[in-house]
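Coordinate inspection notes
Chain by chain, the residues:
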Amino acid sequence: MKQQPGWALPDLRAAQKRTKTESVIERSLFQIPSEIKQLGQGKKYYLRTYGCQANERDSETIAGILEELMFIPVNVPEEADLVILNTCAVRKNAEDKVLGEMGSLKRLQRDNPDVIFGLCGCMAQEEEVVNLLLEKYRHVKLIFGTHNIHRLPELLYDVMLGGKRSVEVLSKEGEVIENLPVKRFGKHKAWVNIMYGCDKFCTYCIVPYTRGKERSRTMEDVLEEIRELKNEGYKEVTLLGQNVNSYGKDLHIEKGFAALLEETAKIGIDRIRFTTSHPWDFSDEMIDVIAKYDNIMPFIHLPVQSGDSDMLKIMGRRYTREEYLTLFHKIKDKVKNCAFSTDIIVGFPNETEEQFQQTLSLVDECKFDNAYTFIYSPREGTPAAKMDDNVSLEVKQRRLAELNERWNVYANEKNMAYQGQIVKVLVDGVSKKNKEVYSGYTETNKLVNFSATDVKPGDIVNVRITACKTFSLDGEMC
Ligand code: 5AD
Ligand code: SF4
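Now for a quick tour of the structure. (Residues numbered from 1 in each chain as written. Chains lettered and ligands numbered in written order. Predicted model: local features only at pLDDT ≥ 70, side-chain atom pairs only at ≥ 80, totals over all residues. Heavy atoms only, no water.)

**Quick word on the pattern of salt bridges**
Worth spelling out the cut-off: When a carboxyl oxygen of Asp or Glu is within 4 Å of a side-chain nitrogen of Lys or Arg, the pair counts as a salt bridge. Under the DSSP-based scheme used, a helix requires at least four consecutive residues in state H or I and a strand at least two consecutive residues in state E, with every element numbered from the N terminus. Exposure categories follow from relative accessible area, calculated using a 1.4 Å probe and restricted to protein chains: below 20% of the type maximum is buried, above 50% is exposed, and the middle band is partly exposed.
Counting across every chain of the model gives 35 salt bridges. Between Asp 96 and Lys 92 there is a salt bridge, and its shortest N-O distance comes to 2.8 Å. Taken as a pair, Asp 96 and Lys 92 lie in helix H3 (residues 92-105) at a separation of four residues, close to a single helical turn. Lys 92 gets classed as partly exposed once you look at its relative accessible area, which sits at 37%. Here Asp 284 and Lys 330 are joined by a salt bridge, their closest N and O atoms 2.7 Å apart. Remark: Lys 330 occurs in helix H11 (residues 321-334) and Asp 284 occurs in helix H9 (residues 284-292); sequence separation between them is 46 residues. One continuous salt-bridge network, built from bridges that share partners, spans Glu 351, Glu 353, Arg 398, Arg 399 and Glu 402.

What follows is the structure in structure tokens.
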């Protein structure tokens, strides 16, 4: 593939570098040049998001930018003049799905030869993927990385008016870019980025390479955004970061995330959530703040990954089984009725049956309310991808099934305890399955389907639980 002038291609090795230099906060990097202001007039866009909440939030920025350029959103790619896939690189099978989808979208050119296809997000940060797109997916004209979203107007202009392919993927450590447009997809629940990137470098994970170094937004910028959301009528904010516990370390903010969480609580928005917390640097101050404020929800996502200390060491997780359990019980003791979810990887290279049994026994002890479980997927450029592996796919699949069976028992048990209880539910809207039923979430993040009269999305109502299932609760408003 021939490098074209003006292209900036990804470089995973460069993305691994971390320096001590402080990140720059850019407040006026985003501008729409006057000749581009109406680029999207009369045109429609379709945006599909894969992966985590950070991607969801990035899509809100991409949609905000496109709508400032006068593009109009549509719900199906068939109606669009611009189709963008915002992708996730965490596991290979999800990547393969995206590539399959991108291949199949080419068919749209038969009816609309001018349709533009774009790919962004974490997959765009991978050399392997970009090279493949450039060589084999020639219909994809726009590729931009996680650090380049603010450049979308110019990149799109080059494709639409210059007839060129636009490729801009920087592998730099990144800056914090403020004042980007946003089109919030939710009307009463909002995502709020508090930091970007990750410096943990767990040996299996590609995120530190695709999203750059840990860098925090200033506390004032975050709090101002939350105050505005509250004034606009939002009821819930979720503070986002790959590891929120690290918030503020780069800015030398005393008590970092605990301080931010406390100031957020004082703003008085009804519900505060956060994700994700690494068990390694979950501080006592954080636990105290969560326990102290009623508007910080008693629900913690605490990824364990494995229940075996040797395995955790090879994964680069920086805690042992015992340390995880101590933290888990400390939170459980201090935060009333706290619910927990976790992430677990099975079939990491050379995982023994005993090590897997340790994971099951940790699940027995923690009895998580919810778990996201995965078969290990080797990611090019990460240390684990170079390890030999003596575990067959068959064994990995069996372990995954066994693990799922096990945590489902506890999820069900946890839900059964809600029978007859009255819980507070933030109403999302009518249920997907039954138009006469509403749905929403409890403070502990349980999905509730309930009958009610005279409620609207965004209300917080009392619901009596009448039936409990493994993944949801049924009830009636009271
Ligand atoms: N293979 C499988 N699962 C992974 N995760 C991250 N990297 C990989 C990988 N290479 C999982 C971890 C993480 C979650 C977001 O995705 O469990 O917590
Ligand atoms: Fe990946 Fe570990 Fe960072 Fe989470 S903490 S994003 S698993 S490197």
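**A few points about the nonpolar core**
Quick reminder of the rule: Among the buried residues, those of types Ala, Val, Leu, Ile, Met, Phe, Trp, Tyr and Cys that are joined through side-chain atoms within 4.5 Å form a nonpolar core. Contacts are assigned to residue pairs with any non-hydrogen atoms lying within 4.5 Å of each other.
Core analysis: the biggest nonpolar cluster contains 58 residues, and Leu 239, Phe 257, Tyr 324 and Ile 331 have the highest contact counts within it. Sorting elements by how many residues they give to this core places helix H8 (residues 256-267) first, with seven residues. Sequence-distant contacts of Phe 257, defined by excluding residues within four places in its chain, comprise Ile 194, Leu 239, Val 244, Asn 245, Tyr 247, Phe 274 and Met 286. One finds Val 74, Cys 88, Val 98 and Leu 99 within the second-largest nonpolar core, a separate group that totals 33 residues.

**Some words on the sheet that holds strand E3 (residues 72-73)**
The cut-off we apply is this: Only strands that DSSP links by at least two bridges are regarded as paired with each other. Orientation is described by lines fitted to C-alpha atoms, with helices fitted over the stretch in contact, and by angles between N-to-C directions that extend from 0 to 180 degrees.
Here we have six strands laid out as an open sheet, ordered E3-E2-E4-E5-E6-E7, and parallel in their pairing. Whereas interior strands pair on both sides, the edge strands pair on one side only; in this sheet they are E3 and strand E7 (166-168). Pairing analysis gives six bridges linking strand E4 (residues 82-87) to strand E5 (residues 116-121), with the strands arranged parallel. Its bridge partner lying in E5, Leu 85 is registered against Leu 119. Packing against the sheet, helix H2 (residues 53-68) makes contact with strand E2 (44-49), E3, E4, E5 and strand E6 (140-144), and its axis sits at approximately 170 degrees to E2.

**Some points on the site of ligand 1**
We count it as follows: Note on terminology: near, applied to a residue and a molecule or strand, indicates that one of the residue's heavy atoms is within 4 Å of it. We define a polar contact as two N or O atoms separated by no more than 3.5 Å, with the added condition that, inside protein, one atom must be a possible hydrogen donor and the other a possible acceptor, whereas residues neighbouring each other in sequence contribute only through side-chain atom pairs. Reported accessibility uses the Shrake-Rupley method at a 1.4 Å probe radius. Residues are deemed covered only where the shown protein chains occlude them. Gly counts as polar in this scheme, as do all residues outside two lists: the nonpolar Ala, Val, Leu, Ile, Met, Phe, Trp, Tyr, Cys and Pro, and the charged Asp, Glu, Lys and Arg.
Around ligand 1, the structure places Val 90, Arg 91, Tyr 204, Gln 305, Asp 343, Ile 345, Phe 374, Ile 375, Tyr 376, Ser 377 and Arg 379. Here Arg 91 contributes a side-chain N or O atom positioned 3.0 Å from an oxygen atom of ligand 1. Look at ligand 1: alone it shows 400 Å² of surface, and the protein chains cover 85% of it. Going through the elements one at a time, strand E15 (339-346) and strand E16 (370-375) are the ones with two or more residues in the shell around ligand 1. Taken together, the residues of the shell around ligand 1 sort by class into six nonpolar, two polar and three charged.

**Digging into the packing of H8 against H9**
Where we set the bar: Oblique is the label for any angle not covered by the other classes, which are roughly parallel (under 35 degrees), roughly antiparallel (over 145) and roughly perpendicular (65 to 115). Each helix crossing is assigned a hand: it is left-handed if the near helix lies turned anticlockwise from the far helix by less than a right angle, otherwise right-handed if that turn is clockwise.
Here H8 crosses H9 at 15 degrees, and the two axes come no closer than 8 Å. By the criterion of interaxial angle, the relationship of H8 to H9 is roughly parallel. The handedness of the crossing between H8 and H9 comes out as left-handed. Of H9, the residues touching H8 (which contributes Phe 257, Ala 258, Leu 261 and Glu 262) are Glu 285, Met 286, Val 289, Ile 290 and Lys 292. Counted by class, the contact of H8 with H9 contains six nonpolar, no polar and three charged residues.

Interpretation note: all reported values are geometric properties and have no functional meaning in isolation.
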